[in-house]
Structures are given as structure tokens and as C-alpha cells.
Amino acid sequence: MSLWSVVSCGEAQTLEIGEKLGRLLMQPTLVLLQGDLGAGKTVFARGVARGLGVAADTPITSPTFTLMNHYQARLDLYHFDLYRLSDPDELIELGFDDYAYGSGVALIEWPEKLENPETPGLWVNLKRLDDERREIEVFLKGETSKDLSVALQKVFS
Ligand SMILES: Nc1ncnc2c1ncn2[C@@H]1O[C@H](COP(=O)(O)OP(=O)(O)OP(=O)(O)O)[C@@H](O)[C@H]1O
Ligand SMILES: [Mg+2]
């Protein structure tokens, strides 16, 4: 399994790394954002949204109560925050699979709430090192495209 690791030294840098990733996404992708409360998942998601071309004046905030926000961009973006998910059946009601395995990019905060911890996709793990620094690990799980792997190599190595 390929794994890339970078240290971000502030919110702006995490935004930038997310944006770089967003720019290189050319096909439907499931991105799973792991990390504790305040680790920077939403900041990273905001960067990806910008990289996909969501307008700079569109606020990207955690869909804490709605569970999912949809943005139109180069590829449709579905931003999930599953923190408040109490029952995996709610995912069916949301139509989760249609978004996660559809024609757009799905970003999932709190993927621990999914039943399958081995969900194939692009996993991003954010770890708080101190107030300003975060270790960001990126890796592909399961069957994912070669193109994506090559693109990640360009951005993260
Ligand atoms: N290097 C960094 N990268 C990202 N965020 C940082 C960094 N340094 C400090 N921060 C701060 O950490 C906080 C990250 O908040 P964010 O909402 O992105 O976390 P989250 O992982 O989405 O949390 P939650 O699980 O509550 O949704 C922000 O207040 C941000 O300013
Ligand atoms: Mg968040």
C-alpha cells in the first residue's frame, strides 16, 4: 500500500494541500477523512472543494446536522459529516451509496461510522501534533485507480 505523509504547519497549508488534491481529481472518488475533533477534516475538505472549483465565496462548513452538503463544481461534490449518525440505516435513507459510488467526489468526515472500516477509497488521516501542526497521511485502500495513484505520487512526493 502506498502511503504519503506530510506535516502541515497551519490551517492555510492544510487548505493548500486539500486544494492540490482537489485539482488532481479527475474521476469519481471516495475520500475518507479521519481524525479527532478539530484535527482539520473540514479545513481539508474546504481545500478539496476549492480545488474542484467550488466558488471562493461559497462557504464550506461541516454538514453536522444535515449530514450531507452538495456543491456543484468540475465534479459534483458531496460532503458528509457522519459524526451524528446514530444508525447506519440512516445512510440508506440519505442515498449514501448513490453519492459515494456515483459520478462525483464524496468526502466523508467520521468514516468510522461506516460499517466497513476497509471501505475502498482515498483515505486521509489527520493527526494533531500541536496547536498549529497536523500530520497528514494519505493512502489508497482497496481497488483504486492507477491514475489516481500516479497523480497522488506527483502531489505528495
Ligand atoms: N495545520 C492545521 N490544519 C488544519 N487546521 C488547523 C491547523 N492548525 C490549526 N488548525 C485549526 O484547527 C481547527 C480544525 O477544525 P476543523 O473544523 O477542520 O476540524 P474537524 O476535524 O473537521 O473537526 P470535527 O470533527 O469537529 O468536524 C480549526 O480551528 C483550524 O484553524
Ligand atoms: Mg468537521
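Residues numbered from 1 in each chain as written. Chains lettered and ligands numbered in written order. Predicted model: local features only at pLDDT ≥ 70, side-chain atom pairs only at ≥ 80, totals over all residues.

J.: I tried to follow the pairing of strand β5 (residues 105–109) on my own but got confused; where do I start?
T.: Along any regular strand, the residues point their side chains to alternate faces of the sheet. Taking burial as the measure, the 5 residues of β5 include 5 buried ones, the bulk of the element. Neither face of β5 is left uncovered, since the one carrying Val 105, Leu 107 and Glu 109 and the one carrying Ala 106 and Ile 108 both have all their residues buried. Summarising the sheet, strand β2 (residues 29–34) and β5 pair through 5 bridges and their orientation is parallel. Within the sheet, the bridge partner assigned to Leu 30 lies in β5 and is Ala 106. (Buried ≥ 20, exposed ≤ 12 C-beta atoms within 10 Å, placed from the backbone. Helix = DSSP H or I, 4+ residues; strand = E, 2+ residues; numbered from the N terminus. Pairing = 2+ DSSP bridges.)

J.: Before we go on, may I ask you to explain the sheet that holds strand β7 (residues 134–141) in this structure?
T.: Backbone hydrogen bonds hold the strands of a sheet together, and the pairing may be parallel or antiparallel. If you trace the 7 strands from one edge of the open sheet to the other, you get β1-β7-β6-β2-β5-β4-β3, paired in mixed fashion. Each having just a single partner strand, β1 (3–8) and β3 (68–71) make up the two edges of the open sheet. Along the sheet, successive strands turn relative to each other by an average axial angle of 15°, direction set aside. Strands in contact with helix α1 (residues 11–24) are β1 and β7; relative to β1, the strand with the most contacts, it is inclined by about 150°. Contacting β1, β2, β6 (121–128) and β7, helix α5 (residues 146–156) crosses the sheet at an angle of about 160° to β7. (Axes fitted to C-alpha atoms, helices over the stretch in contact; angles between N-to-C directions. Contact = placed C-beta atoms within 7 Å.)

J.: Got a minute to help me understand the packing of α1 against helix α2 (residues 41–52) in this structure?
T.: For any two helices packed against each other, the geometry comes down to the angle between their axes and how far apart the axes lie. Interaxial distance between α1 and α2 falls to 6 Å at its minimum, and their mutual angle equals 40°. Put simply, α1 runs oblique to α2. Two packed elements cross with a definite hand, and for α1 against α2 that hand is right-handed. Only Val 43, Phe 44, Ala 45, Arg 46, Gly 47, Val 48, Ala 49, Arg 50, Gly 51 and Leu 52 of α2 make contact with α1, whose side of the interface consists of Glu 11, Thr 14, Leu 15, Glu 16, Ile 17, Gly 18, Glu 19, Lys 20, Leu 21, Gly 22 and Arg 23. Its residues assigned to classes, the contact of α1 with α2 shows 9 nonpolar, 5 polar and 7 charged. (Parallel < 35°, antiparallel > 145°, perpendicular 65-115°, else oblique. Left-handed = near helix turned anticlockwise from the far one by under 90°. Nonpolar A, V, L, I, M, F, W, Y, C, P; charged D, E, K, R; others polar.)

So yeah, pure geometry; function would need other evidence.
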